[in-house]
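Structural overview
Here are the chains, one letter per residue:
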Amino acid sequence: MSDNRPYVLLTGATGMVGAQLLARLLRRHVPVLVLARAKGRLTANDRIEIILSRFESAWHRRLPRPVIVTGELTRPGLGLSDADQDMVRRCCGSVVHSAASLSFRPAAESPENEPFRTNLGGTGEILKLCEIFEIRQIHYVSTAYVCGTRIEPALEDDLDVGQSFANDYERSKVEAERLLRNAERIGCLTVYRPSIVIDSQGRSPFTQDRTIYGAFSLYRALSTKFGLPENGQWFRNLGFVGSERKNLVEVEWVADVIDRIIAEPTLHGETYHLTDAQGTSIDEIESAFHQVATQLSNEARQLLALNASAVTLAGNNSHPRDGHLENSARLNRDLIDAIAAPYVQTFMPYFKDDPEFDRRNLVRALAKLGCEDHQRIDSSTVSRLARVQLDHVRPAVTLGNGSSRTNDVAELLIPRVGTRCLSQIASADGHLRPQSASDWGVQITGPHGGDWRLEPSDLRLSPAGQLCRQRLYCDASTWNELVRRTMSVEQAIAIGRLSIEFEPPLDSQNCVDELESMLRKWNDMERANNDPIIHDSPRGVSA
């Protein structure tokens, strides 16, 4: 292989943009090493598995699995173990830094100084790691709102031009960009600046957009309590004319463009405004809010009517009160303002009229890549966003026993679905061993698959099989059959369930013979140990 460090170190893989990027990189068979942290009862591996399972279901295809290292962006050395740091040093030649804190509240109100702790401090830790390990290529996901509150056109090459800011989030992203641009040892920095990213399709693994959907949540709460305002009245009460425009972009388009630019080295080293050419008016946004809130109100009325009928049939002529659904917006305006104040103080500065975003670099890149430009988001798209995110607040999950339950994402149980990962005989110390021409890369796709190196001399597994000169690709069920010897390598290849990549001096027959020999040894070892062929998780490796 021409590049002996082919892995991409990806941060932010559990975020909206990062998750979409992870799935696309894996779909292109780019070897990825993911930095993630445990959260609640979920391990880092569990969180990534939830994400990839969602994309596999949406795309109707299996995806390779990344190597996963457990760490923390803001800790020294990213909180990585010595073994995992060694793996990053030996495997990773580039970084895609997508992790960010989206807190819009003042940092002074945060005990941990967010968003600066993550957006600036975390970027600093990434930069230190890159400098120590001589990783010279960084792709950084920033924001178009580094422009601050300026009203004149915002150029892609602009950064700090003396602008003021609506919040500390914008300020923290400017400082992080400046830190990266001033780093002397970074050979190539590519910056992506999306505007307000939404997911109207509901395919991202986590839901709530904090700007558009956050505004809708407040709108819905107030309209439920005080009555539905006239269409257009809500934002006017907050001081908007209605013609102001917010720049909204779909996450799938953003991730597609970033992924395609990453794949095209001639486009690296630029800054790209991933924005819409026109934007969406405040009137269109509120029209969508009004439409969905009206639908929800009608649905609630129907449910109340059904409940009332049930009570009547039971012999009780009383009816449930539905006054909270009636138009009672004439109630105390001061009370409405008091309830809305926390949201308005935090988010309304973000709803200023956006400037025109320069897109010259982006337009040139789209033309070179043959990509379509972003399709403008209108009222119907915002309506779909509101409905989709409502449906995803408490997702239903199918468990391994076939039952289903609804729960918050932080409490999801990971279905094991009968497939487990390799490695009763994994490398105990987790260190990568010297590359050998006889080592095999093993990539198992699907739930709880992984990316490993198989060393034929002692049948040890260690992470990062993409570094090997010959690799096999299959899913877990095919691997089980191969190791159990219920299917031969030639049979698996013939029916399209196994693919092998190799380099000279091996030829195809040598590959098949060598793989068959290793599988026979593995089968004998498993029988001797009386162990299952596949285990729940690799022991001693981060994969």
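Given the structure is predicted, the values throughout are model-derived calculations rather than measurements. (Residues numbered from 1 in each chain as written. Predicted model: local features only at pLDDT ≥ 70, side-chain atom pairs only at ≥ 80, totals over all residues. Heavy atoms only, no water.)

Focus: the overall build of the protein chain
Using the following cut-off: Helix and strand definitions follow DSSP, with helices as H or I runs of at least four residues and strands as E runs of at least two, each counted in order from the N terminus. Any residue under 20% of the maximum accessible area for its type is buried, any over 50% is exposed, and the rest in between are partly exposed; the area is computed with a 1.4 Å probe on protein chains only. Note on contacts: a residue pair is in contact if any heavy atoms of the two residues lie within 4.5 Å. The method behind every accessible area is Shrake-Rupley, applied with a 1.4 Å probe, and residues are considered shielded solely by the protein chains displayed.
If you tally the helices and strands in the protein chain, you get 15 helices and 18 strands. Taking all 543 residues of the protein chain together, 54% fall into the buried category. Restricting the contact set of the protein chain to residue pairs at least 6 apart, pairs at least 24 apart contribute 77%. Just so you have it, the protein chain exposes about 23900 Å², and 48% of that area is on carbon and sulfur atoms.

Some remarks on the sheet that holds strand E4 (residues 92–97)
Condition: Pairs of strands are assigned from DSSP output, requiring at least two bridges between the strands. Interaxial angles span 0 to 180 degrees and are taken between N-to-C directions of axes, which are lines fitted to C-alpha atoms, for helices over the stretch in contact.
If you walk across this open sheet you meet the seven strands as E3-E2-E1-E4-E5-E6-E10, and the pairing is parallel. Each edge of the sheet is formed by a strand with only one pairing partner; in this case those strands are strand E3 (67–70) and strand E10 (271–274). Across the sheet, the mean angle from the axis of one strand to that of its neighbour is 20°, orientation sign disregarded. Inspection of the sheet shows strand E5 (residues 137–141) paired to strand E6 (residues 188–194) by five bridges, in the parallel sense. For His139, the partnering residue across the bridge sits in E6 and is Thr190.

Side note on the pattern of salt bridges
Here is the rule: Take a side-chain nitrogen of Lys or Arg and a carboxyl oxygen of Asp or Glu: if they are within 4 Å of each other, that pair is a salt bridge.
One pass over the full model with this rule turns up 22 salt bridges. Notably, a salt bridge pairs Arg117 with Glu114, separated by 3.3 Å at the nearest N-O pair. Classification of Arg117 by relative accessible area gives partly exposed; the value is 30%. Beyond isolated ion pairs, a larger network of salt bridges with shared partners links Glu49, Glu56 and Arg65.

Remarks on the pairing of E4
Threshold: We call a crossover right-handed when, viewed with the strands running away from us, the connection from the first strand over the helix to the second turns clockwise.
Most of E4 sits out of view: five of its six residues are buried. As paired elements, strand E1 (residues 7–11) and E4 share five bridges and run parallel to each other. The residue bridging Thr11 from the neighbouring strand is His97, located in E4. Note: E4 against E5, four bridges, orientation parallel. Counted as the bridge partner of Val95 is Ile138 from E5. Handedness of the E4-helix H4 (residues 116–133)-E5 crossover: right-handed.

So, the packing of aromatic side chains
Applicable threshold: We call Phe, Tyr and Trp rings a pair once their centres come within 6.5 Å, taking the six-membered ring for Trp, and we label the pair stacked below 30 degrees between planes, edge-to-face above 60, and tilted otherwise. Any Lys NZ or Arg CZ that is within 6 Å of a ring centre and within 35 degrees of that ring's normal is treated as a charge sitting over the ring.
Inspection of the entire model under this criterion finds eleven aromatic pairs. With centroids separated by 5.9 Å and ring planes inclined at 90°, the aromatic side chains of Tyr145 and Phe357 adopt a geometry described as edge-to-face. Here Tyr145, found in the loop between E5 and helix H5 (168–181), pairs with Phe357, found in the loop between helix H10 (333–347) and helix H11 (360–369); they are 212 residues apart in sequence, far enough to count as distant. The exposure class assigned to Tyr145 is buried, which follows from its relative accessible area of 0%. Phe357 gets classed as buried once you look at its relative accessible area, which sits at 5%. In this structure an aromatic cluster arises from ring pairing among Phe216, Tyr219, Trp234, Phe235, Phe240 and Phe289. Here the basic side chain of Arg27 rests over the ring of Trp59, its NZ or CZ set 4.1 Å away from the ring centre.

Here we look at the packing of helix H8 (residues 251–262) against H11
Our working rule: By definition in this entry, angles of less than 35 degrees are roughly parallel, angles greater than 145 are roughly antiparallel, angles of 65 to 115 are roughly perpendicular, and the rest are oblique. Put simply, Ala, Val, Leu, Ile, Met, Phe, Trp, Tyr, Cys and Pro go in the nonpolar bin, Asp, Glu, Lys and Arg in the charged bin, and everything else, Gly too, in the polar bin.
As a packed pair, H8 and H11 sit with axes 11 Å apart at the nearest point and diverge in direction by 75°. Classified by the angle between their axes, H8 and H11 sit roughly perpendicular to one another. Between H8 and H11, the residues in contact are Trp253, Val257, Arg260 and Ile261 and Leu362, Ala365, Leu366 and Leu369, respectively. Its residues assigned to classes, the contact of H8 with H11 comprises seven nonpolar, no polar and one charged.

Some details on unusual backbone geometry
Omega for the peptide link from Glu114 to Pro115 comes to 10°, which places this bond in the cis form. Tracing the chain through its elements places Pro115 in the loop between E4 and H4. For Glu134, which is not a glycine, the phi torsion comes out positive at approximately 55°. Considering the arrangement of structural elements, one finds Glu134 in the loop between H4 and E5. Located in the positive-phi region is Arg485, a residue other than glycine, with phi close to 70°. Assignment of secondary structure puts Arg485 in the loop between helix H13 (476–484) and helix H14 (489–494). On the basis of relative accessible area, Arg485 is assigned to the partly exposed category, the value being 29%.

Some points on the pairing of E5
Of all five residues in E5, four are buried; the element is thus mostly enclosed. Crossover connection from E5 via H5 to parallel E6: handedness right-handed.

Structural notes on the nonpolar core
Stated formally: Buried Ala, Val, Leu, Ile, Met, Phe, Trp, Tyr and Cys residues form a nonpolar core when they are joined through side-chain atoms within 4.5 Å.
Within the largest apolar cluster, 43 residues are counted, with the highest numbers of intra-cluster contacts made by Leu22, Ile48, Ile258 and Leu274. Elements with a contribution of two residues or more to this core: E1, helix H1 (16–27), strand E2 (32–36), helix H2 (44–59), H8, E10 and H11. Element by element, the count of residues in this core is highest for H1, at eight residues. The contacts of Ile48, once residues within four sequence positions are left out, are Ala13, Thr14, Leu22, Val34, Ala36, Pro66 and Ile68. With 31 residues, the next largest nonpolar core counts Ile198, Tyr219, Leu296 and Phe357 among its residues.

Describing H13
Looking at H13, one finds that the buried residues are Ala476, Thr478, Trp479, Asn480, Leu482 and Val483. At the C-terminal side of H13, Arg485 shows a positive phi close to 70°.

Topic: H8
The condition that has to hold: Given the number of residues in a helix, its expected span is that number minus one, multiplied by 1.5 Å.
End to end, H8 covers 16 Å across twelve residues, agreeing with the expected 16 Å (1.5 Å per residue, within 8%). In terms of burial, H8 is a largely internal element, ten of the twelve residues being buried. Considered for burial, the residues of H8 that qualify are Val251, Glu252, Trp253, Val254, Ala255, Val257, Ile258, Asp259, Ile261 and Ile262.

Considerations on the confidence of the model for the protein chain
Selection rule: Each residue carries a pLDDT score, the predictor's confidence in it, ranging from 0 to 100.
Overall, the prediction assigns the protein chain a mean pLDDT of 78, with 73% of residues at 70 or greater. Contacts for the low-pLDDT stretch residues 314–332, under 50 throughout, to residues beyond four places or in other chains number 26 contacts.

Observations concerning the side chain of Asp451
The line we're drawing: For the charge count, each Lys or Arg is scored as positive and each Asp or Glu as negative, with His and the chain ends excluded. Side-chain atoms alone can form a polar contact between residues adjacent in sequence; in general such a contact is a pair of N or O atoms within 3.5 Å, and within protein one must be able to donate a hydrogen while the other accepts it.
Here Asp451 shows up in strand E15 (residues 450–455). Despite its burial, Asp451 pairs with no opposite charge, the nearest such side chain being Arg471 at 7.1 Å. A polar contact of 2.4 Å, which involves the side chain of Asp451, links it to the side chain of Tyr7.

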